[in-house]
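Coordinate analysis (summary)
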Amino acid sequence: MTHYAILTDLNRCVGCMSCMVSCKAINNVPIGNYWIKVLRIGPFKKADYQTPNDVTMYYLPTQCQHCENPECVKVCPTQASHITEDGTVQIDKSKCIGCQFCVMACPYGVRYLNEEERVVEKCTLCEQVTSQGGLPQCVAQCGGRARFFGDLDKGIETFEAPNIEYDPNRDNAEASYDQLYTGNRITFGELGKEYDPNTEVHHLPNAGNDPSFVYVLRDREWKGGE
């Protein structure tokens, strides 16, 4: 079995929003809608708070979690929303009638109705790229190399991000192609700092849908469940 997902190392995320911008551009997401939103969590007081400077915060990218038991699939009357062989949740636009049952059922509010096409849209994990061995755009363009893509069945240590040395004199199109498709990758196991798998690996709140995306946060209080 395969179950593609994204891991975000929140200690590396700098809130640059490259994932939001690149996703919106490559997928032609309508103005006013997003497939990814980067939330600022905090600032909130540290455990040893003594002065106003003793605060901390982090950024939390949220999007479709490509859940294992997605509520959106359960409520879809036409089977437009479905789980594919790679474990991701996709929408067959030819079957979508725009009823928005899935929009209401999603616990993360990451679906929307495309008013022009009258179909529901959301993150596809860039299936047009990943099906060819590439990386999702949000992973390829992450400025802090905080995002990693892989198969949950193989373990999060195997999740990959680009491992490219940028040359300012290099053709942008060529560099972009390499970033998305070539095997020049680095894994989370190689790049990520040590973490406690029992206390520092998190998911968004589980409403019975079993969200698949993984968040690693070290030495800070996880607020993503609130």
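Just so it is clear, the structure is predicted and the values come from calculations on it, not from any experiment.

**Describing the overall build of the chain**
Looking only at helices and strands, the chain features seven helices and twelve strands. The C-alpha atoms of the chain give a radius of gyration of 18 Å, which matches the 17 Å a tight globule of 226 residues would have. Principal axes of the C-alpha set define a box for the chain whose edges measure 55 × 45 × 35 Å. Split into buried and exposed, the 226 residues of the chain put 47% on the buried side. On the chain, roughly 12000 Å² of surface is accessible, and the fraction owed to carbon and sulfur atoms is 48%. Here the chain carries 21 positive and 30 negative side-chain charges, and the mean point of each set is 6 Å from the other.

**Points about the packing of aromatic side chains**
In this structure the tally under the stated criterion is four aromatic pairs. Between Tyr4 and Phe149 the ring centres are 4.9 Å apart and the planes differ by 50 degrees, which places this aromatic pair in the tilted class. With Tyr4 in strand β1 (residues 4–9) and Phe149 in strand β8 (residues 147–151), this pair connects stretches of sequence that are 145 residues apart. Seen from their ring centres, Phe188 and Tyr195 are 5.5 Å apart, and the 40 degrees between their planes marks the pair as tilted. Neither Phe188 nor Tyr195 differs from the other in exposure class; each is buried. Three or more aromatic residues joined by ring pairs make a cluster, and in this case those are Phe148, Phe188 and Tyr195. The cationic tip of Lys45 hangs over the ring face of Tyr49; the distance from NZ or CZ to the ring centre is 4.6 Å.

**Some words on a nonpolar patch on the surface**
A grouping of Val75, Phe101 and Met104 is seen on the molecular surface, where their side chains present a nonpolar patch of about 290 Å² in accessible area. When you line up the elements, Phe101 lands in helix α3 (residues 101–105). Accessibility expressed as a relative area gives 42% for Phe101, which makes it partly exposed.

**Quick word on the nonpolar core**
Grouped together as the largest cluster of nonpolar side chains are 42 residues, with contacts concentrated most on Leu7, Tyr58, Leu60 and Trp222. Secondary-structure elements contributing two or more residues to this core are β1, α1 (18–26), β2 (36–45), β3 (55–63), α5 (137–140), β8, α7 (188–191) and β12 (214–216). Broken down by element, this core gets its largest block of residues, four residues, from β2. Setting aside anything within four residues of it in sequence, one finds Leu60 in contact with Leu10, Lys37, Val38, Leu39, Ile41, Leu204, Tyr215, Trp222 and Gly224. Judged by nonpolar contacts, the second largest core, of ten residues, contains Cys72, Cys76, Cys96 and Leu113.

**Observations concerning the pattern of salt bridges**
Scanning all chains against the criterion turns up seven salt bridges. Asp9 is paired through a salt bridge with Arg218; the nearest N and O atoms lie 2.7 Å apart. Taken together, the positions of Asp9 in strand β1 and Arg218 in the segment after β12 put the pair 209 residues apart, joining distant regions of the chain. For Arg118, the salt bridge identified is with Glu115, shortest N-O distance 2.5 Å. On the basis of relative accessible area, Arg118 is assigned to the partly exposed category, the value being 42%. Among the charged side chains, a network of salt bridges with common partners joins Lys93, Glu117 and Glu121.

**As for α1**
Buried within α1 are the following residues: Cys19, Met20, Ser22 and Cys23. Lining the buried residues of α1 we find β2, α5 and β8. Looking at the residues trailing α1, positive phi occurs at Asn28, about 55 degrees.

**Regarding unusual backbone geometry**
The omega torsion across Gly42 and Pro43 is 5 degrees, close enough to zero to call that bond cis. In this model, Gln79 sits at a positive phi of 65 degrees, which is unusual for a non-glycine residue. On the secondary structure map, Gln79 appears in the loop between α2 (71–75) and β4 (81–83). Overall, the relative accessible area of 58% leaves Gln79 in the exposed class.

**Quick look at the environment of Leu39**
Within the secondary structure, Leu39 is located in strand β2. As a C-alpha pair, Leu39 and Gly224 span 185 residues in sequence and 9.9 Å in three-dimensional space.

Reading guide: rules and limits
- Residues numbered from 1 in each chain as written.
- Predicted model: local features only at pLDDT ≥ 70, side-chain atom pairs only at ≥ 80, totals over all residues.
- Heavy atoms only, no water.
- Helix = DSSP H or I, 4+ residues; strand = E, 2+ residues; numbered from the N terminus.
- Rg over C-alpha atoms; globule rule 2.2 N^0.38 Å.
- Buried < 20%, exposed > 50% of the residue type's maximum accessible area, 1.4 Å probe, protein only.
- Areas by Shrake-Rupley, 256 points an atom, 1.4 Å probe, with all protein chains shown as cover.
- Lys, Arg positive; Asp, Glu negative; His and termini not counted.
- Charge placed at Lys NZ, Arg CZ, Asp CG, Glu CD.
- Phe/Tyr/Trp six-rings, centres within 6.5 Å; stacked < 30°, edge-to-face > 60°.
- Lys NZ or Arg CZ within 6 Å of the ring centre and 35° of its normal.
- Patch = residues over 30% accessible without salt bridge, like charges linked within 9 Å, V, L, I, M, F, W, Y side chains within 5 Å.
- Salt bridge = Lys/Arg side-chain N within 4 Å of Asp/Glu carboxyl O.
- Core = buried A, V, L, I, M, F, W, Y, C linked by side-chain atoms within 4.5 Å.
- Contact = heavy atoms within 4.5 Å.

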